[in-house]
Amino acid sequence: MTPKEVIEYARKNEARQVDLRFADIPGIWHHVSYPIQELTEESFEEGFGFDGSSIRAWAAISESDMLLVPDPTTAFMDPFGETPTLVMICDVIDPITRQHYERDPRWIARKAELYLLNSGVADTCYFGAEAEFFIFDNISFEQNQHSGFYYIDAEEGRWNSGRRTENLGYRPRYKEGYFPVPPTDHYQDLRSEMVQAMQRAGLVVECHHHEVATGGQAEIDLRYDTLLRTADNMMKYKYIVRNVAYQYGKTVTFMPKPIFGDNGSGMHTHQSLWKNGQPLFAGDGYAGLSQLALWYIGGLLAHARALSAIIAPTTNSYKRLVPGYEAPVNLAYSRRNRSAAIRIPMYSPSPKAKRVEFRPPDPSCNPYLAFAAMMMAGLDGILNKIDPGQPLDKDIYDLSPEELRGVPSMPASLDEALDCLEQDHAFLLKGEVFTEELIEAYIQYKRKNEAEAVRLRPHPYEFELYYDI
């Protein structure tokens with residue numbers, strides 16, 4: 001929509017508020033609302049002022065004045081507000097220079113698309129992200145100087161099978177929750193309501209289902225779109241999932257590994273390049289791939305350890321990325337094989353369906369940064385003709401230690417991932433998509449506020465191990 005069409009759209013929907021949204025570096029949506037009368041066609045040029053110094057890992061207080069400039073193509077009506085509210089996603093602009101703010105994640109995604117176009121390799125990068133999440137009934141947690149705990153409860157959790165009252169059974173076993181029908185699948189209706197809300201907000205949904213873990217693990221798949229639009233859609237996706245669950249008296253988490261001993265939540269990400277409306281990944285090579293697609297895979301594998309700090313960006317991510325468990329930590333590629341970090345789906349022979357699926361990412365990432373970084377790695381593979389090596393068409397989980405010795409793996413911790421990003425990020429700086437200053441700020445924020453903060457605090461299991469030592 002154009003600015004004029006947005007204002008007409010708001011009038012037809014009797015909007016009373018306009019809600020402006022933007023993402024911080026960790027990937028949390030923020031918003032500010034105005035009476036709808038404050039939105040004019042000029043607003044799409046002039047923007048709305050806000051304090052950038054109050055946003056995590058953003059501007060110093062001496063440079064805090066910033067502008068939110070709404071993108072008219074992102075307009076939708078909020079499915080949840082009692083007051084009819086028009087929502088738009090915004091770009092962050094410096095009010096003095098009128099330039100995009102370099103720490104705005106959405107601007108980084110925009111620059112990645114521009115760099116791809118200017119490279120001449122392709123004009124479009126499509127992403128399809130499959131974000132998983134858990135639906136719980138109760139969550140409590142606390143951390144202070146003398147205590148620390150968390151407690152999860154979910155009506156669907158297998159651990160409730162021994163409850164003596166108000167217990168009807170029908171709960172997925174640990175690691176056996178994939179595709180059961182109701183009543184074992186407790187959340188068919190809840191997920192269906194999430195899908196309806198997504199559709200009302202303009203998202204295109206392909207399917208939804210229960211996932212492998214007990215305790216309400218779910219997945220809703222959106223139709224693929226361009227890099228920036230898929231990142232925008234993932235922010236809407238998380239917002240809608242959380243709010244529908246909240247309306248039902250449930251709580252949702254996108255933590256990669258909230259439950260010990262069961263599957264964690266990933267965000268398998270399908271990627272492909274196109275030019276002039278034609279797919280570039282289809283060819284006569286391995287698994288029906290083109291040489292260009294194999295080089296793209298080579299780039300993803302070559303930079304995967306550095307990417308991990310952005311695509312699996314929490315300390316909790318590395319409770320999921322553990323060798324020998326469900327997550328693909330081994331940096332290899334294969335057709336159909338879900339134990340490899342990169343899988344080439346073989347569902348369809350159509351050239352338009354040819355894509356690569358990168359499996360290590362999880363939904364705790366900032367999608368703007370994650371999608372941009374993955375595309376930059378793949379494009380670096382193409383520009384430098386990085387050979388991905390031979391495919392590994394075996395169940396990698398069953399390989400012997402000797403066989404695994406030659407297969408590189410993802411980092412084992414956030415600290416290690418940040419070290420890898422520190423050592424390997426030149427590919428992200430091309431075209432000034434990422435900046436040295438942003439990467440330094442990102443690493444510093446993650447080290448101090450997450451990796452170091454977790455390392456400093458006693459873990460509850462340490463009392464189990466060491467209290468009587």
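Quantities reported herein were computed from a predicted structural model and do not represent experimental measurements.

A. Layout of the overall build of the protein. Along the protein, the regular secondary structure elements total 14 helices and 18 strands. For the protein, the C-alpha radius of gyration of 23 Å lies close to 23 Å, the compact-globule estimate for 469 residues. Counting only C-alpha atoms, the protein reaches 65 × 60 × 45 Å along its principal axes. Residues classed as buried in the protein amount to 53% of the 469 residues present. Across the protein, every contact between residues at least 6 apart in sequence was considered, and the portion connecting residues at least 24 apart equals 68%. In the form shown here, the protein has an accessible surface area of approximately 22,000 Å², with 51% of it arising from carbon and sulfur atoms. Distance between charge centroids for the protein: 5 Å, based on 47 positive and 66 negative side chains.

B. Focus on the packing of aromatic side chains. A complete count under the given rule lists 17 aromatic pairs for this structure. Ring geometry for Phe22 against Phe50: centres 4.9 Å apart, planes inclined by 45°, an arrangement best described as tilted. Remark: Phe50 occurs in strand E3 (residues 48–51) and Phe22 occurs in strand E1 (residues 17–23); sequence separation between them is 28 residues. You'll find Phe22 and Phe50 in the same group, each marked buried. Measuring from centroid to centroid gives 5.2 Å for Trp58 and Tyr101, while their planes differ by 65°, and the two rings are edge-to-face.

C. Inspection of the nonpolar core at higher detail. Counting 126 residues, the largest nonpolar core has Leu86 and Phe434 as its most contacted members. Considering each element in turn, this core owes the most residues, twelve residues, to helix H9 (residues 367–383). Other than its neighbours up to four places away in sequence, Phe434 contacts Ile108, Ile310, Leu369, Ala372, Ala373, Leu428, Leu429 and Ile439.

D. Representation of the pairing of E1 in the model. Within E1, six of the seven residues are buried, which leaves the element mostly enclosed by the surrounding structure. Here E1 pairs with strand E6 (residues 85–93) via five bridges, running parallel. Its bridge partner being in E6, Leu20 is matched across the sheet by Met88. Sheet analysis places E1 next to strand E2 (residues 29–35), joined by seven bridges and oriented antiparallel. Looking at E2, one finds that Gln17 is bridged to Pro35. The hairpin turn running from E1 into E2, its antiparallel successor, is five residues long, and Gly27 in that turn takes a positive phi close to 105°.

E. The arrangement of a nonpolar patch on the surface in detail. Together, Ile139, Phe141, Tyr150 and Phe260 give the surface a local cluster of nonpolar side chains, amounting to about 550 Å² of exposed area. Structurally, the position occupied by Phe260 is in the loop between strand E13 (251–253) and strand E14 (267–275). Judged by relative accessible area, which is 78%, Phe260 ranks as exposed.

F. Summary view of the pattern of salt bridges. Using the criterion set out here, one finds 29 salt bridges in the structure. Note that Arg223 and Glu206 form a salt bridge whose closest N and O atoms lie 2.8 Å from each other. Of this pair, Arg223 sits in the loop between strand E11 (217–222) and strand E12 (225–226) while Glu206 sits in strand E10 (residues 205–210), and the two are 17 residues apart along the sequence. Relative accessible area serves as the criterion here: at 47%, Glu206 is assigned to the partly exposed category. Here Arg447 and Asp415 are joined by a salt bridge, their closest N and O atoms 3.5 Å apart. Of this pair, Arg447 sits in helix H13 (residues 436–456) while Asp415 is found in helix H11 (residues 414–423), placing the two residues 32 residues apart along the sequence. Under the relative-accessibility criterion, Arg447 is labelled partly exposed at 22%. Residue class for Asp415 comes out partly exposed when judged on its relative accessible area of 25%. A network of salt bridges, in which partner residues are shared, links Asp71, Asp91, Arg106, Arg110, Arg229 and Asp232.

G. The arrangement of H11 in detail. By the burial criterion, the buried members of H11 are Leu414, Ala417, Leu418, Cys420 and Leu421. Viewed end-on, H11 has its buried residues packed into an arc of 155°, placing them on one side of the element. Contacts made by the buried residues of H11 are with helix H7 (304–311), helix H8 (317–320), helix H12 (426–429) and H13.

H. Representation of the packing of helix H3 (residues 105–119) against H9 in the model. Closest axis-to-axis distance for the H3/H9 pair is 8 Å, and the angle between their directions is 20°. With respect to H9, the axis of H3 lies roughly parallel. As H3 runs across H9, the sense of the crossing is left-handed. Two secondary-structure elements touch here, H3 through Pro105, Arg106, Ile108, Ala109, Ala112, Tyr115, Leu116 and Ser119 and H9 through Tyr368, Leu369, Ala372, Met375, Met376, Leu379 and Leu383. Looking at the contact of H3 with H9 residue by residue, the classes come out as 13 nonpolar, one polar and one charged.

I. Region of the structure containing the side chain of Lys236. On the secondary structure map, Lys236 appears in helix H5 (residues 227–247). One buried charge, Lys236, has no salt-bridge partner; the nearest side chain with opposite charge is Asp232, at 8.0 Å. At a separation of 2.8 Å, a polar atom in the side chain of Lys236 contacts the main-chain carbonyl oxygen of Ala201. The contact partners of Lys236, leaving out residues within four places of it in the chain, are Trp29, Phe76, Ala201 and Leu203.

J. Local environment of the packing of H5 against H9. The N-to-C vectors of H5 and H9 enclose an angle of 150°; their axes lie 9 Å apart at closest approach. Classified by the angle between their axes, H5 and H9 sit roughly antiparallel to one another. Seen along the crossing, H5 lies across H9 with a hand that is right-handed. Listed contacts from H9 to Leu227, Leu228, Thr230, Ala231, Asp232, Met234 and Met235 of H5 are Pro367, Tyr368, Phe371, Ala372 and Met375.

The rules behind each value
Residues numbered from 1 in each chain as written. Predicted model: local features only at pLDDT ≥ 70, side-chain atom pairs only at ≥ 80, totals over all residues. Heavy atoms only, no water. Helix = DSSP H or I, 4+ residues; strand = E, 2+ residues; numbered from the N terminus. Rg over C-alpha atoms; globule rule 2.2 N^0.38 Å. Buried < 20%, exposed > 50% of the residue type's maximum accessible area, 1.4 Å probe, protein only. Contact = heavy atoms within 4.5 Å. Areas by Shrake-Rupley, 256 points an atom, 1.4 Å probe, with all protein chains shown as cover. Lys, Arg positive; Asp, Glu negative; His and termini not counted. Charge placed at Lys NZ, Arg CZ, Asp CG, Glu CD. Phe/Tyr/Trp six-rings, centres within 6.5 Å; stacked < 30°, edge-to-face > 60°. Core = buried A, V, L, I, M, F, W, Y, C linked by side-chain atoms within 4.5 Å. Pairing = 2+ DSSP bridges. Patch = residues over 30% accessible without salt bridge, like charges linked within 9 Å, V, L, I, M, F, W, Y side chains within 5 Å. Salt bridge = Lys/Arg side-chain N within 4 Å of Asp/Glu carboxyl O. Arc of directions from axis to C-beta. Axes fitted to C-alpha atoms, helices over the stretch in contact; angles between N-to-C directions. Parallel < 35°, antiparallel > 145°, perpendicular 65-115°, else oblique. Left-handed = near helix turned anticlockwise from the far one by under 90°. Nonpolar A, V, L, I, M, F, W, Y, C, P; charged D, E, K, R; others polar. Polar contact = N/O pair within 3.5 Å; in protein donor to acceptor, adjacent residues only side chain to side chain.

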